[in-house]
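The lines below spell out each chain.
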Amino acid sequence: MHIPDGLMAPELLVFGWVIAILGLGFAVRAVKSKLPEKQIVVMAVVSAGIFAAQMLNFPVMGGTSGHLVGAALASIIFGPAAAIVMISTILIIQCFVFGDGGLTALGLNILNMALIGSIVGYYSYSIIAGKHEGNNKFVFDTKGRAAIFAGTWLATFISALLCALELSISNLISPSYGIAWQISIPMMAIYHVLIAIGEGIITLGIIEYISRVSPDMLKVEKIELWKRRGEVEC
Amino acid sequence: MNARQIGMKIVWIIVVFSIGLVGFFIFSADKGDGLEKTMEDAGVSEGEPVYQAPLSYGEDYPSAFAAGVIGIIITLIFSLGLTYLLARVGKSKKSKVRDVKGEKDNGAS
């Protein structure tokens, strides 16, 4: 889902950069004030793992393939602010070192995958799991597992729909950019319904695996974008 | 997590990656992702990149494996540096706030 150069209208690219800079700035602020030093290494190792996983596409029906984005995985483990910083870092490295995703479209890629993926993944997981009080509790019952899968599925699917919307708006601005909504929205939706199932299964598998071999990793403090009601800054 | 444990985790990631890459080349290397397939369906091709990256993911197993290992190491180092910097800046800001608060409290008493 890495948008290349020359696909989106310039207006959309500027919009993407503005939102990405604002969102990333907001996340960096939250991480700066709340990140415990002992969490630094764990976050870096997970980021390296997500980078590797993003290179491994899995086949999906209809001659297409998908890969783990990892935003929901990172946000469920570390919280949305930390996940935004982690996924943005990966996207920046992919763009500048490997040419994956266009430089002009980096803002939109950060918006779709890092910002939307992390926020939708974490908050939909939290709502479905009903974990509003305990900040670092993972409950591996049916509801907990369903919440991880559903949160991840929603994160991937909504990120893809947003990308389809950007393609449609670009095409409306100028027919030489983007893809007409009659094609972009149904096609992106159909492919990503399936890709999101793959992402959900992989994320659930990774979190289950971590809970068995390194359960302390799942007890780290979740770095949220804003303070929850009743939370006191120490 | 000490340096040895980090090393072990990275080796583990590289081992899993090397196995996963075999599956990738057997099943998915010739298939585009969701966006690429949508572009193909619509007859839209990628534009010329405005920036030429120094590396690529490679076309065969050895080059893709090398690219992956390089990417894993760069991501680890860059993430460690960035998060360490953020944690240090946040810590020094907090201690400054505490110092100012302490001075105010001393002045008031």
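Conventions and cut-offs
- Residues numbered from 1 in each chain as written.
- Chains lettered and ligands numbered in written order.
- Predicted model: local features only at pLDDT ≥ 70, side-chain atom pairs only at ≥ 80, totals over all residues.
- Heavy atoms only, no water.
- Helix = DSSP H or I, 4+ residues; strand = E, 2+ residues; numbered from the N terminus.
- Buried < 20%, exposed > 50% of the residue type's maximum accessible area, 1.4 Å probe, protein only.
- Salt bridge = Lys/Arg side-chain N within 4 Å of Asp/Glu carboxyl O.
- pLDDT = per-residue confidence, 0-100.
- Axes fitted to C-alpha atoms, helices over the stretch in contact; angles between N-to-C directions.
- Parallel < 35°, antiparallel > 145°, perpendicular 65-115°, else oblique.
- Left-handed = near helix turned anticlockwise from the far one by under 90°.
- Contact = heavy atoms within 4.5 Å.
- Nonpolar A, V, L, I, M, F, W, Y, C, P; charged D, E, K, R; others polar.

(A) Layout of the environment of Ser 124 of chain A. Residues and elements named next belong to chain A. Among the structural elements, Ser 124 can be located in helix α5 (residues 106-129). Relative accessible area serves as the criterion here: at 12%, Ser 124 is assigned to the buried category. On a C-alpha basis, the gap between Ser 124 and Ile 197 in space is 16 Å, while along the polypeptide they are 73 residues apart.

(B) Highlighting the pattern of salt bridges. Scanning the model with the defined rule gives five salt bridges over all chains in all. Two residues, Asp 41 of chain B and Lys 37 of chain B, come together in a salt bridge whose shortest N-O distance is 3.3 Å. Of this pair, Asp 41 of chain B and Lys 37 of chain B are both found in helix α2 (residues 34-42), four residues apart, which corresponds to roughly one turn of the helix. Since its relative accessible area comes to 13%, Lys 37 of chain B is described here as buried. Through salt bridges with shared partners, one network takes in Arg 145, Glu 208 and Arg 212 of chain A.

(C) Just the confidence of the model for chain B, in detail. All names here are of chain B. Mean pLDDT over chain B stands at 88; residues scoring 70 or higher make up 90%. Across chain B, α2 holds the top mean pLDDT of 94, while helix α3 (residues 61-108) sits lowest at 85. Among the scores for the predicted complex, ipTM is 0.90 and pTM is 0.92.

(D) Seen up close, the packing of helix α3 (residues 71-78) of chain A against α5 of chain A. Residues and elements named next belong to chain A. It is the contact of α3 with α5, at a shortest axis distance of 8 Å, that shows an interaxial angle of 50°. Overall, the two elements α3 and α5 adopt an arrangement that is oblique. In terms of crossing hand, the pair formed by α3 and α5 is right-handed. Across from Ala 71, Ala 72, Ser 75 and Ile 76 in α3, the residues of α5 making contact are Met 113, Gly 117, Ser 118, Gly 121, Tyr 122 and Tyr 125. For the contact of α3 with α5, the class distribution of residues is six nonpolar, four polar and no charged.

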